[in-house]
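Now for the letters of each chain:
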Amino acid sequence: NAGVTQTPKFQVLKTGQSMTLQCAQDMNHNSMYWYRQDPGMGLRLIYYSASEGTTDKGEVPNGYNVSRLNKREFSLRLESAAPSQTSVYFCASSETPGVEYGYTFGSGTRLTVV
Amino acid sequence: GDSVTQMEGPVTLSEEAFLTINCTYTATGYPSLFWYVQYPGEGLQLLLKATKADDKGSNKGFEATYRKETTSFHLEKGSVQVSDSAVYFCALSSPTGGFKTIFGAGTRLFVKA
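Scope of this entry: the structure provided in the associated data block. As the structure is a computational prediction, the values presented were derived from the model and not from experiment. (Residues numbered from 1 in each chain as written. Chains lettered and ligands numbered in written order. Predicted model: local features only at pLDDT ≥ 70, side-chain atom pairs only at ≥ 80, totals over all residues. Heavy atoms only, no water.)

Regarding the state of the cysteines
All names here are of chain A.
Argument step 1. Applying the stated criterion across every chain yields a total of 2 disulfides over all chains.
Argument step 2. Two residues, cysteine 23 and cysteine 91, share a disulfide whose sulfurs are 1.9 Å apart. The S-S bond linking cysteine 23 to cysteine 91 shows a torsion near -70 degrees; that makes this disulfide left-handed. Linking cysteine 23 in strand E3 (residues 19–25) with cysteine 91 in strand E9 (residues 87–94), this pair joins segments that are 68 residues apart in sequence. Each member of the pair, cysteine 23 together with cysteine 91, is buried. (Disulfide = S-S within 2.5 Å. Helix = DSSP H or I, 4+ residues; strand = E, 2+ residues; numbered from the N terminus. Buried < 20%, exposed > 50% of the residue type's maximum accessible area, 1.4 Å probe, protein only.)

What follows is the structure, encoded as structure tokens:
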């Protein structure tokens, strides 16, 4: 099925460990996004990529890095995990950054940092 | 900056009851407005959208009207089902916000049989 695929679905890390969350879309979308979801806070934008070759910081970028590997793939890296990064992470994509388009979301990665 | 405020939950209704989830927004310019739904263990799915004032978005029996005069986009459904139990997010996207989508905190809906 066409859509956004995220891996892994679940992960437990120890404080200080690093990991990369993978995201791939097969809809030929230009724009991709990483959000984190915490109870009572909705979704907060971490980083986004308006088009292949560009990345920009969102609302909560500290402690994260991203790579837009190609048009399909957009990865999120935690270099030194902290308990405050325990969250559910969602990748999303859209055809363009235009305001009239909604997003297609992946099913999420539930990350626990102990 | 741009923001979205939606009613706190949880909202608990009996099957076939009328649903309203309130959403108001603050934005410069003319944003597009969205409702997303998240079922347990899944990502968000676009439910409906409206891109200009007085537009009505609708899908699966849900409706919302873009009211610029009251800066609102309330979600309604005439008769809810148990399968509608989920978390609903109001969101906006505007050119002045760099086209990034801003989400409300979400409202959890429980529908009892």
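Focus on unusual backbone geometry
Argument step 1. Residue threonine 7 of chain A is joined to proline 8 of chain A through a cis peptide bond whose omega torsion reads -10 degrees.
Argument step 2. Secondary-structure assignment places proline 8 of chain A in the loop between strand E1 (4–7) and strand E2 (10–13).
Argument step 3. That bond from glycine 9 of chain B to proline 10 of chain B is cis: its omega, 0 degrees, falls within 30 degrees of zero.
Argument step 4. Relative to the helices and strands, proline 10 of chain B resides in the loop between strand E1 (3–6) and strand E2 (11–14).
Argument step 5. Phi angles above zero are rare outside glycine, and asparagine 28 of chain A is one such case at about 60 degrees.
Argument step 6. Note that asparagine 28 of chain A resides in the loop between E3 and strand E4 (31–37).
Argument step 7. If you check the backbone angles, aspartate 54 of chain B has positive phi at about 75 degrees while not being a glycine.
Argument step 8. Relative to the assigned elements, aspartate 54 of chain B resides in the loop between strand E6 (44–50) and strand E7 (56–59).
Argument step 9. Classification of aspartate 54 of chain B as exposed rests on a relative accessible area of 54%.

Some remarks on the interface of chain A and chain B
Argument step 1. At the junction of the two partners, chain A supplies 19 residues and chain B supplies 21 residues.
Argument step 2. Buried area between chain A and chain B, summed over both chains or domains, comes out near 1500 Å², and the portion from carbon and sulfur atoms is 59%.
Argument step 3. Run the count over chain A and chain B and you get 4 residue pairs in polar contact (both at pLDDT 80 or more).
Argument step 4. Examining the composition of the side of chain A that touches chain B, we find that 3 residues originate from one element, strand E5 (residues 43–49) of chain A, more than from any other. (Contact = heavy atoms within 4.5 Å. Buried area = accessible area lost by both parts, 1.4 Å probe. Polar contact = N/O pair within 3.5 Å; in protein donor to acceptor, adjacent residues only side chain to side chain.)

Describing the side chain of arginine 44 of chain A
Argument step 1. As for its position among the elements, arginine 44 of chain A is in strand E5.
Argument step 2. Discounting residues that sit within four places of it in the chain, arginine 44 of chain A has contacts with Trp34, Tyr35, Arg36, Asp38, Glu59 and Val60 of chain A.

Honestly, that's just the spatial picture; any functional story needs more than this.
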